[in-house]
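Chain by chain, the residues run as shown.
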Amino acid sequence: MVFWILAGLALYLMNVFGAGSFLMLRVGPTAYMEPRDSLPEPGKFHARALKSAKNFSESLPVFVVLGLLALIVDGVDLELAEQGAMLFVLARLAYIAAYVAGVPYIRSVIFTAGFVGLGMMAYAVI
């Protein structure tokens, strides 16, 4: 379980820093390292990466809490919790790629798969 919690956190950081990379590519390293008081409107991919990171930030606390509960609560079905965590992290990876690429419909299916992973984790804990 610890592996999947760390993998989820690492993926979140990759998502956030990836969004920042789109900005750096657009404005250049010098402007990126400045205070950034005035930024250009985000480009298409930058905006999508920002939105996927915001979406991830909404579900990450639930994922981390369920993962930690799976580790500390007695009687947890740890195998089911780990499968749910794995499903969540892998679905999130695919979701970020689909979101940034602008793939409609399938992105929602991938999001639902990640949500099912959270449900599996919650069920394992109760």
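Calculation notes
Residues numbered from 1 in each chain as written. Predicted model: local features only at pLDDT ≥ 70, side-chain atom pairs only at ≥ 80, totals over all residues. Heavy atoms only, no water. UniProt positions renumbered as here; feature names shortened; annotations may be inferred. Helix = DSSP H or I, 4+ residues; strand = E, 2+ residues; numbered from the N terminus. Expected span 1.5 Å × (residues − 1). Bend = angle between axes of the 7 residues up to and from the residue. Phe/Tyr/Trp six-rings, centres within 6.5 Å; stacked < 30°, edge-to-face > 60°. Buried < 20%, exposed > 50% of the residue type's maximum accessible area, 1.4 Å probe, protein only.

Under an unreviewed UniProt entry, the name given to the protein is MAPEG family protein, and the source organism is Roseovarius rhodophyticola. Among the UniProt annotations of the protein, the heading Subcellular location (unreviewed entry) holds the following wording: "Membrane".

J.: Could you clarify how one ought to interpret helix H3 (residues 44–72) in this entry?
T.: Across its 29 residues, H3 extends 42 Å between first and last C-alpha, which sits within 8% of the 42 Å expected from 1.5 Å per residue. Residue Ser59 marks the point of greatest curvature in H3, where the axis turns by about 35°; the proline Pro61 follows within four residues.

J.: Is there a simple way to think about the UniProt feature "transmembrane region" (unreviewed entry) in the protein in this case?
T.: The sites that UniProt annotates as "transmembrane region" (unreviewed entry) are residues 60–78. Helix makes up 74% of residues 60–78 and strand 0%. Its end C-alpha atoms lie 19 Å apart.

J.: What exactly am I supposed to notice about the packing of aromatic side chains here?
T.: The geometry of two aromatic rings is summed up by the distance between their centres and the angle between their planes. In this structure the tally under the stated criterion is seven aromatic pairs. A ring pair is formed by Tyr12 and Phe56, whose centres lie 5.4 Å apart and whose planes are at 85°; its orientation type is edge-to-face. Remark: Phe56 occurs in helix H3 and Tyr12 occurs in helix H1 (residues 2–27); sequence separation between them is 44 residues. Taking relative accessible area as the criterion, Phe56 reaches 0% and is therefore assigned buried. Between Phe63 and Phe88, the ring centres sit 4.7 Å apart and the planes meet at 20°, which makes this aromatic pair stacked. With a gap of 25 residues between them, Phe63 in helix H3 and Phe88 in helix H4 (residues 78–101) connect regions that are remote in the sequence.

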